[in-house]
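# Structural overview
Given next are the chains, with one letter for each unit.
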Amino acid sequence: MKFKEINKVHSGKFIHRYDITYETSSGHEKVYEMISRNPDIDSREKLIGGRADAVVLILTDADGDKLLLNREFRLATGQWVYNFPAGLIDGDETPEEAAKRELFEETGLSLDVIDDVVGNSYSAIGFANESNICVIGKASGEIRPSDSEVEEIEAGWFTKDEVRELLVNNYFAARTQAYCYLWCRM
């Protein structure tokens, strides 16, 4: 495959749509549609890498017996979906600072311990180059409703048995589903 060019098709408040023109190994020219958080992609170099867009929080209680999950109404699916707390990294924030802020905004909890920070992964490689950093740790406090008026989030602590039950009949974000499947079987 040979990259030829990238052109911005539309700019929104948070998402920007691009067409990537490339040549297949058999010599056919194709156009691939994608979205990005980056409003200024005009080359393959700018398409690749860079600073992570968001943080994903994989958190347990102090004993490690319960996993924190958000049940969130996602407009793109038209339904409630289980996901880890997550959010965009603002301005000059570090991933750790963004994790603390997002956790508090979405759940009212405090991030007590960061056990690990796992580097870049992609959210949806089929159509976006949004990248994430996972912050793994422990949280505590009283769960309260999200302070966002644009997000519908219900946070909760779940045991392994409860996660197993959720996996049977509920929609999940893919990365959350994969992690939850493994976590509840450990």
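Residues numbered from 1 in each chain as written. Predicted model: local features only at pLDDT ≥ 70, side-chain atom pairs only at ≥ 80, totals over all residues. Heavy atoms only, no water.

### So, the overall build of the chain
Put simply, the rule is: The helix count covers DSSP runs of H or I at least four residues long, the strand count covers runs of E at least two residues long, and both are numbered beginning at the N terminus. Whether a residue is buried, partly exposed or exposed follows from its accessible area with a 1.4 Å probe, protein chains only, as a fraction of its type maximum: under 20%, in between, or over 50%, in that order. Throughout, a residue-residue contact means that at least one pair of heavy atoms, one from each residue, lies within 4.5 Å. The method behind every accessible area is Shrake-Rupley, applied with a 1.4 Å probe, and residues are considered shielded solely by the protein chains displayed. His is not counted, nor are the chain ends, whereas Lys and Arg count as positive and Asp and Glu as negative. To locate a charge, the coordinates of NZ of Lys, CZ of Arg, CG of Asp or CD of Glu are taken.
Scanning the chain from terminus to terminus reveals 4 helices and 10 strands. Listing each helix as α and each strand as β along the chain from the N terminus yields β-β-β-α-β-β-β-β-α-β-β-β-α-α. Taken over the C-alpha atoms alone, the chain extends approximately 55 × 35 × 30 Å along its principal axes. Expressed as a percentage of the 186 residues in the chain, the buried residues total 39%. In the chain, 56% of the contacts between residues at least 6 apart in sequence involve partners at least 24 apart. Carbon and sulfur atoms provide 51% of the accessible area of the chain, an area that totals close to 10900 Å². Charged side chains in the chain number 21 positive and 34 negative. The centres of these two groups are separated by 5 Å.

### Observations concerning the sheet that holds strand 3 (residues 29-36)
We apply this condition: Strands pair, by our definition, only if DSSP identifies at least two bridges between them. Think of each axis as a best-fit line through the C-alpha atoms, taken over the contacting stretch in the case of a helix, with angles from 0 to 180 degrees between the N-to-C directions.
Ordered in space as 1-2-3, the 3 strands form an open sheet in which the pairing is antiparallel. For this open sheet the edge positions go to strand 1 (2-11) and strand 3, each flanked by a neighbour on one side alone. Ignoring strand direction, the axes of neighbouring strands in this sheet form an average angle of 25 degrees. Taken together, the 8 bridges between strand 2 (residues 16-23) and strand 3 define a ladder with antiparallel strand orientation. By the bridge assignment, Ile20 is partnered in strand 3 with Tyr32.

### Some remarks on the packing of aromatic side chains
Keep this limit in mind: Ring geometry is summarised as follows: Phe, Tyr and Trp rings, the Trp one being its six-membered ring, pair when their centres sit within 6.5 Å, and such pairs are stacked at plane angles under 30 degrees, edge-to-face over 60 and tilted between the two. Both a distance and an angle decide whether a charge sits over a ring: NZ of Lys or CZ of Arg must be within 6 Å of the ring centre and within 35 degrees of the ring normal.
Overall, the coordinates contain 4 aromatic pairs when judged by the stated rule. With a centroid separation of 5.8 Å and an interplanar angle of 75 degrees, the aromatic rings of Phe73 and Trp80 are classed as edge-to-face. The exposure class of Trp80 is partly exposed, given its relative accessible area of 29%. Each member of the aromatic cluster is reached from another via a ring pair, and the members are Tyr82, Phe158 and Phe172. Residue placement shows Arg71 over the ring face of Trp80; its charged tip is 4.3 Å from the ring centre. Over the face of the ring belonging to Trp183 we find Lys160, whose NZ or CZ atom lies 5.3 Å from the ring centre.

### Let's talk about the environment of His10
The topology assignment puts His10 in strand 1. Sequence separation of His10 and Gly91 is 81 residues, and the distance between their C-alpha atoms is 23 Å. If we ignore the near neighbours within four places in the chain, the residues touching His10 are His16 and Arg17.

### Concerning the pattern of salt bridges
Put simply, the rule reads: By definition here, a salt bridge exists when the distance from a side-chain nitrogen of Lys or Arg to a carboxyl oxygen of Asp or Glu is within 4 Å.
Taken as a whole and judged by the stated rule, the model has 14 salt bridges. Where Lys46 meets Asp42, a salt bridge forms, and the shortest distance between an N and an O atom there is 3.5 Å. For Lys46, a relative accessible area of 42% gives the class partly exposed. When the shortest N-O distance is used, the salt bridge between Arg74 and Glu72 registers 2.7 Å. Classification of Glu72 as buried rests on a relative accessible area of 5%.

### What to know about the state of the cysteines
To keep it simple, the criterion reads: Disulfides are defined as cysteine sulfur pairs within 2.5 Å.
Summed over the entire model, instances satisfying the criterion amount to 0 disulfides. In this structure Cys134 is not part of a disulfide, and its nearest cysteine sulfur, from Cys180, lies 12 Å away.

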